[in-house]
Structures are given as structure tokens and as C-alpha cells.
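Below are the chains, spelled out letter by letter.
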Amino acid sequence: MSIKISIVKNFSSAHFLIGHEKCGRIHGHNWKVKVIVEGELEEHGWVIDFTVLKKVVDELLNRYDHKMLLPNSISYNENSITGNLNFIANSKKYSFPKEDCVIVPIANVTCENLSILIYNELKEILKNFTNICGLEVIVNERDEQGASFSG
Ligand SMILES: [Zn+2]
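This one's a predicted model, so the numbers in the text were calculated from it and none came from an experiment. (Residues numbered from 1 in each chain as written. Predicted model: local features only at pLDDT ≥ 70, side-chain atom pairs only at ≥ 80, totals over all residues. Heavy atoms only, no water.)

## Remarks on the nonpolar core
Part 1 of the argument: Grouped together as the largest cluster of nonpolar side chains are 32 residues, with contacts concentrated most on V35, V37, L53 and L122.
Part 2 of the argument: Breaking this core down by element, the ones donating at least two residues are strand 1 (2-15), strand 2 (27-40), helix 1 (50-62), strand 7 (101-104), helix 2 (111-126) and strand 8 (132-142).
Part 3 of the argument: The biggest single contributor to this core is helix 2, with seven residues.
Part 4 of the argument: Ranked by size, the runner-up nonpolar core spans twelve residues in total, among them A14, L70, I74 and A89. (Core = buried A, V, L, I, M, F, W, Y, C linked by side-chain atoms within 4.5 Å. Buried < 20%, exposed > 50% of the residue type's maximum accessible area, 1.4 Å probe, protein only. Helix = DSSP H or I, 4+ residues; strand = E, 2+ residues; numbered from the N terminus.)

## Some remarks on the sheet that holds strand 6 (residues 92-97)
Part 1 of the argument: If you trace the three strands from one edge of the open sheet to the other, you get 4-5-6, paired in antiparallel fashion. The open sheet is flanked by strand 4 (76-78) and strand 6, the only strands paired with a single partner. Across the sheet, the mean angle from the axis of one strand to that of its neighbour is 25 degrees, orientation sign disregarded.
Part 2 of the argument: Bridge analysis of strand 4 against strand 5 (residues 84-89) gives three bridges, and the strand direction is antiparallel. Looking across to strand 5, one finds that N77 is bridged to N86. (Pairing = 2+ DSSP bridges. Axes fitted to C-alpha atoms, helices over the stretch in contact; angles between N-to-C directions.)

## Considerations on the packing of aromatic side chains
Part 1 of the argument: Per the counting criterion, the structure on display carries nine aromatic pairs.
Part 2 of the argument: Measuring from centroid to centroid gives 5.1 Å for Y76 and F87, while their planes differ by 65 degrees, and the two rings are edge-to-face. With a gap of eleven residues between them, Y76 in strand 4 and F87 in strand 5 connect regions that are remote in the sequence.
Part 3 of the argument: In textbook terms, an aromatic cluster arises when at least three aromatic residues are bridged by ring pairs, as seen for F16, Y76, F87, Y94 and F96. (Phe/Tyr/Trp six-rings, centres within 6.5 Å; stacked < 30°, edge-to-face > 60°.)

Fair warning: the whole summary comes from geometry, so function is off the table for now.
Written out as C-alpha cells, the structure is:
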């Protein structure tokens, strides 16, 4: 018998979309990430210790928290004097302190792509738990809109 458990974690970051008029301007979200894990109950009567799952998800999301999330589909130049990342996106020139930015391995920073990215990162970590048979990651940028990926 398998059962599903879930946790919710939040992180805050800025982003913009490539190729979108309104969302091509820099703005921020308090992203809400729901992780659903399905598996057989192990000897203690749980699928995975909530403390362990929350710690793993926290470590993943902390890399993105209070950062400028940048897509990997554009070119970046690092200014050797200022240390800033310079780039052009949506025909606009930007410059940000490098330590405030994360270039994420997705072409556009959308809920859809973030859900796939976090799913793949989590799946790799959870592969050691042999009782787990299912995973779903839901990323909401607002209460009323988000994306879900389950492999
Ligand atoms: Zn947005």
C-alpha cells in the first residue's frame, strides 16, 4: 500500500521572462513549492521523515532565495573590475552584482521550468529511498497560478 505525503516551502526571488511584454520587466514572487512524495510506509509508519524531506527541500530552495534568477539561454559577461554580471535580455541592458544572481539551468524562469528543475534535483536525492515510488513538484508564483510536474 502506498500513500502520499506533502510539504510546502517558500522562497522569494526576482526574475523576468524572455519574450513576454509585461513579465519581461523585472518583478518578484514569493514562490510556493509543494512537494508530494508517494511511497510504501517504512517500519516506523512513515513514507519519509518530514524533517529529512523539509531539510532536503530547504537546501535546494535556499540557493534561489533572495536572488535574481537568470535563465541560461542568454550570454553573460562578468566585469572584472566591478564583479557585476552584464547582459542583454529583451533588448535591455542589465548589470547586477554577481553574488545576488543565480543562473539557473533553464531557458526561461517560468513556473513550468522551475517545477521540472526542482523535480529532477529532488528525484536524484530521493533515489536512495527505495520505498519511494512517486514524486510531484508544484510551483506557484501566485496562489491562483502555478505548474506541476510529476515525471
Ligand atoms: Zn513572474
